[in-house]
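# Reading the structure
Chain residues, written in single-letter form:
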Amino acid sequence: MNTIKFEPVGRPKTETHDVGKYTIKKMEIAGQMYDIYSNVGLTIYVTNACNSDCSFCMNKYENNFLCSEEIMDDEKYLKRLDYILQYLKPLNPSIMITGGEPTKSKRLPEIMKLIHKYGYKIRSFSTNGTGLLDIVDGKSILEHMHENGFLNNINISRHAISPEDNYRIMKTKGDLTEKQISEIAEFCNAHNMRARMGCTLQKSFMSNLDQMLQYCQHYEQLGIDTVIFREPVPIDPEKDGYWNYQEQFVDISKICHAIEHRSAFLYAYTINGLYYNVKHFYYRDKLVKCYLEKNTANPEIIRDLIFYADGRLVNTNWNDVSKTLLF
Ligand code: SF4
């Protein structure tokens, strides 16, 4: 998926790896030997449940999610996750937390403790933000995150500037107010944590560079100075709803092209990785990173791993083909 990131110039980078530096590792999983990208990530589904209902939510289209029956017993879920984290330690993937809405799951603090215990690096935490200020076991979820080293790339999904438009897209029950976004930003800034806004571009809402710049400005006023824009993830044309989904598709490569040709953006440098070519630009006080997929990597290489809430460990490769590795 192509993305564009705006972040303040001169801040320490929050990426867990260098796109341009990688090797291919080998690991035997369930009796079979695999080639694995050294910057592999492990996405952990904390829960399948979500209090939003985004029109473009991948979970509505992704077969692996659709067949995933969540382990409802927390103890059983945590035991399985513990096993997987131990198993994958030689690979040392960086962790991406997702769902469903992770902050609304009561098992989240225990999951964070477990990940912290094994010393994994945290790549990202995806949330609609509605539970970040919730109190669980006497502390807010943000405090639990701070205690367990979940400090960077706390990705708060909002796909429009106005709360009304955002509600039209996400239909979140108990949606975040702008005041709460400022409170979250204030907590993060005071505790050396980095929150960022995550916006999926869509034709009817956010679809061009000028709107993106307004979006950055709006959330910066609320205290969040880093934004990542994404394209909707491509889905299988055979799926019901494909044409409605496709109608909203925004091609980020065209926006990168617009950036290259706008004089306010000053080209800095390019990094070439296995999966992405990343052009960097300066724009006012921001470093702008345009990640474009390269589509040339060997599809046999495992790019990412996913722990579904049903306890399965699944891989994905370059072509988004997945295979269950452990169940
Ligand atoms: S917030 Fe995320 S998990 Fe929930 S419906 Fe939206 S895209 Fe799906």
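Details of the structure are given in the entry above.
Overview of the structure. Please read these numbers as outputs of a predicted model, since none were measured by experiment. (Residues numbered from 1 in each chain as written. Predicted model: local features only at pLDDT ≥ 70, side-chain atom pairs only at ≥ 80, totals over all residues. Heavy atoms only, no water.)

### Some details on the overall build of the protein chain
Within the protein chain one finds 9 helices and 16 strands. For 327 residues, the compact-globule formula gives about 20 Å, and the C-alpha radius of gyration of the protein chain, at 19 Å, lands near that figure. Along the first, second and third principal axes, the C-alpha set of the protein chain runs to 55 × 50 × 40 Å. Across the 327 residues in the protein chain, those meeting the buried criterion constitute 54%. The long-range fraction of contacts in the protein chain, counting pairs at least 24 apart against all pairs at least 6 apart in sequence, stands at 69%. Carbon and sulfur atoms make up 50% of the accessible area of the protein chain, which amounts to about 15,000 Å² in all. Where the 39 positive side-chain charges of the protein chain centre and where its 41 negative ones centre are 4 Å apart. (Helix = DSSP H or I, 4+ residues; strand = E, 2+ residues; numbered from the N terminus. Rg over C-alpha atoms; globule rule 2.2 N^0.38 Å. Buried < 20%, exposed > 50% of the residue type's maximum accessible area, 1.4 Å probe, protein only. Contact = heavy atoms within 4.5 Å. Areas by Shrake-Rupley, 256 points an atom, 1.4 Å probe, with all protein chains shown as cover. Lys, Arg positive; Asp, Glu negative; His and termini not counted. Charge placed at Lys NZ, Arg CZ, Asp CG, Glu CD.)

### Observations concerning the state of the cysteines
This model, assessed by the stated rule, comprises 0 disulfides. Looking at the unpaired C290, the closest cysteine sulfur is the one in C256, lying at 3.5 Å. Residue classification places C290 among the buried residues on the basis of a relative accessible area of 2%. (Disulfide = S-S within 2.5 Å.)

### A few points about the pattern of salt bridges
Considering all chains together, one arrives at 23 salt bridges under this definition. With a shortest N-O distance of 3.0 Å, D210 and R262 are connected by a salt bridge. One end of the pair, D210, is in helix α7 (residues 209-221); the other, R262, is in the loop between α9 (252-260) and β11 (266-272), with 52 residues separating them in the sequence. For D210, a relative accessible area of 41% corresponds to the partly exposed category. The network of salt bridges with shared partners includes K5, E7, E15 and K289. (Salt bridge = Lys/Arg side-chain N within 4 Å of Asp/Glu carboxyl O.)

### Considerations on the site of the ligand
Around the ligand, the structure places C50, S52, D53, C54, C57, N59, G99 and G100. Looking at the shell around the ligand, its residues break down into 3 nonpolar, 4 polar and 1 charged. (Near = heavy atom within 4 Å. Nonpolar A, V, L, I, M, F, W, Y, C, P; charged D, E, K, R; others polar.)

### Some details on the pairing of strand β1 (residues 3-8)
For β1, a buried count of 6 out of 6 residues is recorded, marking the element as mostly surrounded by other parts of the structure. Along β1, one buried face is formed by T3, K5 and E7 and the opposite face, lined by I4, F6 and P8, is buried too. Relative to strand β13 (residues 286-293), β1 is paired through 6 bridges, and the arrangement is antiparallel. Note on β13: the bridge partner recorded for I4 is C290. Direction of pairing for β1 relative to strand β10 (residues 227-230): antiparallel, over a ladder of 4 bridges. What sits directly across from T3, in β10, is R230. (Pairing = 2+ DSSP bridges.)

### What about the side chain of H280?
Inspection of the secondary structure puts H280 in strand β12 (residues 276-283). Only 3.2 Å separates the side chain of H280 from the backbone oxygen of V278, close enough to count as a polar contact. If near-sequence neighbours (up to four positions away) are discounted, H280 is found in contact with L266, Y267, A268, Y269, I271, L287, V288 and K289. (Polar contact = N/O pair within 3.5 Å; in protein donor to acceptor, adjacent residues only side chain to side chain.)

### Here's the deal with the nonpolar core
Ranked by size, the top nonpolar core spans 80 residues in total, and within it I4, F6, I44, L85, I115, M145 and F229 carry the most contacts. Once you skip the residues sitting within four places of it in the chain, I44 turns out to touch Y77, L81, L85, I95, M96, I97, T98, I115 and F307. (Core = buried A, V, L, I, M, F, W, Y, C linked by side-chain atoms within 4.5 Å.)

### Re unusual backbone geometry
One non-glycine residue, N153, lies in the positive phi region at around 55 degrees. Mapped onto the elements of the fold, N153 is located in the loop between α4 (141-147) and β8 (154-157). With a phi close to 50 degrees, R284 is a non-glycine residue in the positive phi region. Along the chain, the position of R284 falls in the loop between β12 and β13.

### Observations regarding helix α5 (residues 163-170)
The set of residues buried in α5 consists of N166, I169 and M170. Looking straight down α5, one finds its buried side chains confined to an arc of 80 degrees; they lie on one side. In α5, the exposed residues that point more than 90 degrees away from the buried face are E164 and R168. Those residues of α5 hidden inside the fold are in contact with β8. Note on α5: the residue one or two positions beyond its end, K171, has a positive phi of about 50 degrees. (Arc of directions from axis to C-beta.)

### Points about helix α6 (residues 178-190)
Under the 1.5 Å per step criterion, the end-to-end length of α6 is 18 Å for 13 residues, consistent within 8% with the ideal 18 Å. Buried residues of α6: I181, I184, A185, F187 and C188, and no others. Summarising the axial view, the buried residues of α6 lie within an arc of 160 degrees, below the 170-degree limit, and thus occupy one face. The exposed residues of α6 that point more than 90 degrees off its buried face are K179, E186, N189 and A190. (Expected span 1.5 Å × (residues − 1).)

### Digging into the pairing of β10
Neither face of β10 is open: one carries V227 and F229, the other I228 and R230, and all of them are buried. Pairing of strand β9 (residues 195-200) with β10 involves 4 bridges; the strand directions are parallel. The partner of M197 across the bridge, within β10, is V227. Crossover handedness for the path β9 to α7 to β10: right-handed. (Right-handed = clockwise from strand over helix to strand, strands pointing away.)

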